[in-house]
Amino acid sequence: MSLRIVVTVKYVPDATGDRHFADDLTVDRDDVDGLLSELDEYAVEQALQIAEDADDAEVTVLTVGPEDAKDALRKALSMGADKAIHVEDDDLHGTDIIGTSLVLAKAIEKAGFDLVVSGMASTDGTAGVVPALLAERLGVPQVTLLSEVSVEDGTVKGRRDGDAASEQLEAQLPAVVSVTDQSGEARYPSFKGIMAAKKKPVESWDLSDLDIDAEEVGLDGAWTKVDAAAERPARTAGTIVKDEGEGGKQLAEFLASQKFI
Ligand SMILES: Cc1cc2nc3c(=O)[nH]c(=O)nc-3n(C[C@H](O)[C@H](O)[C@H](O)COP(=O)(O)OP(=O)(O)OC[C@H]3O[C@@H](n4cnc5c(N)ncnc54)[C@H](O)[C@@H]3O)c2cc1C
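Residues numbered from 1 in each chain as written. Predicted model: local features only at pLDDT ≥ 70, side-chain atom pairs only at ≥ 80, totals over all residues. Heavy atoms only, no water.

### Observations regarding the side chain of Ser78
Here Ser78 lies in helix H2 (residues 70-79). Among all residues touching Ser78, those that are not within four sequence positions of it are Pro189, Ser190, Gly193, Ile194 and Ala197. (Helix = DSSP H or I, 4+ residues; strand = E, 2+ residues; numbered from the N terminus. Contact = heavy atoms within 4.5 Å.)

### Topic: the sheet that holds strand S9 (residues 155-161)
As summarised here, the arrangement of the 3 strands in space is S8-S9-S10, forming an open sheet in which the pairing is antiparallel. What marks the edges here is a single partner per strand, and that holds for strand S8 (148-152) and strand S10 (166-172). Taken pair by pair, the neighbouring strands of this sheet meet at an average axis angle of 15°, ignoring direction. Where S8 meets S9, 5 bridges bridge the pair, whose relative direction is antiparallel. When the bridges of S9 are listed, Ser150 appears paired with Lys157. (Pairing = 2+ DSSP bridges. Axes fitted to C-alpha atoms, helices over the stretch in contact; angles between N-to-C directions.)

### A word on the packing of helix H3 (residues 97-111) against helix H4 (residues 130-138)
Contact pair H3 / H4: the axes reach a minimum separation of 9 Å and the direction vectors enclose 55°. It follows that H3 is oblique to H4 by the angle criterion. Where H3 crosses over H4, the handedness of that crossing is right-handed. For the pair formed by H3 and H4, the contact residues are Ile97, Ile98, Ser101, Leu102, Leu104, Ala105, Ile108 and Glu109 on the first element and Val130, Leu133, Leu134, Arg137 and Leu138 on the second. The residue makeup of the contact of H3 with H4, split by class, is 10 nonpolar, 1 polar and 2 charged. (Parallel < 35°, antiparallel > 145°, perpendicular 65-115°, else oblique. Left-handed = near helix turned anticlockwise from the far one by under 90°. Nonpolar A, V, L, I, M, F, W, Y, C, P; charged D, E, K, R; others polar.)

### Quick notes on the site of the ligand
Inspection of the region around the ligand gives 26 residues, with Lys10, Asp40, Ser122, Gly128 and Val129 positioned closest. Measuring from a nitrogen atom of the ligand, one finds a backbone N or O atom of Val64 at 2.9 Å. Take Asp96: an N or O atom from its main chain is 3.1 Å from an oxygen atom of the ligand. If the ligand stood free it would expose 920 Å²; the protein chains cover 81% of that surface. Every element with two or more residues in the shell around the ligand is listed here: strand S4 (57-64), H3, strand S6 (115-119) and H4. Of the residues contributing to the shell around the ligand, the split by class is 11 nonpolar, 11 polar and 4 charged. (Near = heavy atom within 4 Å. Polar contact = N/O pair within 3.5 Å; in protein donor to acceptor, adjacent residues only side chain to side chain. Areas by Shrake-Rupley, 256 points an atom, 1.4 Å probe, with all protein chains shown as cover.)

### Some words on the environment of Lys192
Among the secondary structure elements, Lys192 is positioned in helix H5 (residues 191-197). Residue Lys192 is classed as exposed on the basis of its relative accessible area, which comes to 70%. Separated by 112 residues in sequence, Lys192 and Gly80 have C-alpha atoms that sit 10.0 Å apart. (Buried < 20%, exposed > 50% of the residue type's maximum accessible area, 1.4 Å probe, protein only.)

### Digging into the sheet that holds strand S7 (residues 142-146)
Here we have 7 strands laid out as an open sheet, ordered S7-S11-S6-S1-S4-S5-S12, and parallel in their pairing. Of all strands in the sheet, those bounded by a partner on one side alone are S7 and strand S12 (202-205). Across this sheet, the average inter-strand angle for adjacent strands is 20°, counted without regard to direction. Across 3 bridges, S7 lies against strand S11 (residues 175-179) in parallel orientation. Across the sheet, Leu146 pairs through a bridge with Val179, a residue of S11. H2 contacts S4, strand S5 (83-87) and S12 of the sheet and is inclined by roughly 165° relative to S5.

### Considerations on H4
For H4, the full list of buried residues reads Pro131, Leu134, Ala135 and Leu138. Along the long axis of H4, the arc covered by the buried residues comes to 100°, so they all point the same way. In the core, the buried residues of H4 are packed alongside strand S1 (3-8), H3, S6, S7 and S11. (Arc of directions from axis to C-beta.)

### Observations concerning a negative patch on the surface
On the surface, a cluster of negative charge is made up of Asp18, Asp30, Asp31, Asp33, Glu67, Asp68, Asp71 and Glu231. The topology assignment puts Asp33 in the loop between strand S2 (11-13) and strand S3 (34-36). By relative accessible area, Asp33 is classed as exposed at 61%. (Patch = residues over 30% accessible without salt bridge, like charges linked within 9 Å, V, L, I, M, F, W, Y side chains within 5 Å. Salt bridge = Lys/Arg side-chain N within 4 Å of Asp/Glu carboxyl O. Lys, Arg positive; Asp, Glu negative; His and termini not counted. Charge placed at Lys NZ, Arg CZ, Asp CG, Glu CD.)

### Here we look at the layout of surface pockets
The computed volume of the second largest pocket comes to approximately 330 Å³. What lines the second largest pocket is a set of 15 residues, and nearest its centre among them are Leu3, Ala54, Val151, Asp153 and Gly154. Where the lining of the second largest pocket is concerned, the elements lending two or more residues are helix H1 (38-53) and S8. Among the elements that line the lining of the second largest pocket, the one with the most residues is S8, at 3 residues. For the lining of the second largest pocket, the class distribution of residues is 6 nonpolar, 3 polar and 6 charged. (1 Å grid on protein atoms, 1.4 Å probe; cavity = no way out; pocket = protein on both sides within 12 Å on 5 of 7 lines; lining within 4 Å. Points joined across faces, edges and corners; volume = space filled by probe spheres on them.)

Here it is, written out as structure tokens:
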């Protein structure tokens, strides 16, 4: 039986770009470059390694996002994923975490899965909760924040490193896992991989393909609303200390005044 691995990948604004809010207080994604969320590259990498270790496996990458989100899928396909699914719909604009998890769960059920692999968090919303919401909606176990993961005889196993201890965890498939940025370097797409990605299938689905009503998603369906947004004040130069013998003392006084020490 082929192991069906679905990797959720998010298309995010380039952090080095000029990120700002649009008039409706959502993140303006129109004239900002975007890319595959870096933390999801680790999810793609671990899914590919599990597939390489399996007798027969297929890796599908899935994203919910605007037209340009296809770039995130292309990157994951060029790393080695087999096929992709892009859920795109104008009514998804402004969808919150609850709505995103609904759309992802419906798409994963429609695609069919044995293992869902997600990143530990996206690099823009950074909530870190979508994997848990997915497991709840799919009715399967979740094993999150793994720094090491493998699949053996229908069981997913992994190690989660905490501050004081590391846990060895496992769950029966089907299951949802998320992996951290400590799970191992993500491979760079080879030229051969980039060329092969151009021929790999990308299915496009909208809300009607998933039997989701528009009012369950988007700004109208959001459980949370951004009431206001203000530019962060420009960073000030800070205090310059010229050390004429008293530098250490002045630094200690400054740190004490800021209650750092
Ligand atoms: C600055 C900012 C603040 C936000 N604040 C809130 C908020 O307070 N409350 C709220 O409900 N929504 C919020 N949102 C919207 C929220 O980011 C989106 O709904 C998002 O799709 C899910 O949240 P996340 O990115 O934080 O996911 P996380 O829980 O951080 O994502 C974890 C993993 O889930 C997968 N994933 C997440 N989104 C997608 C996607 N669209 N397609 C495929 N895989 C995905 C990825 O594998 C990712 O690594 C915010 C968005 C931004 C940009």
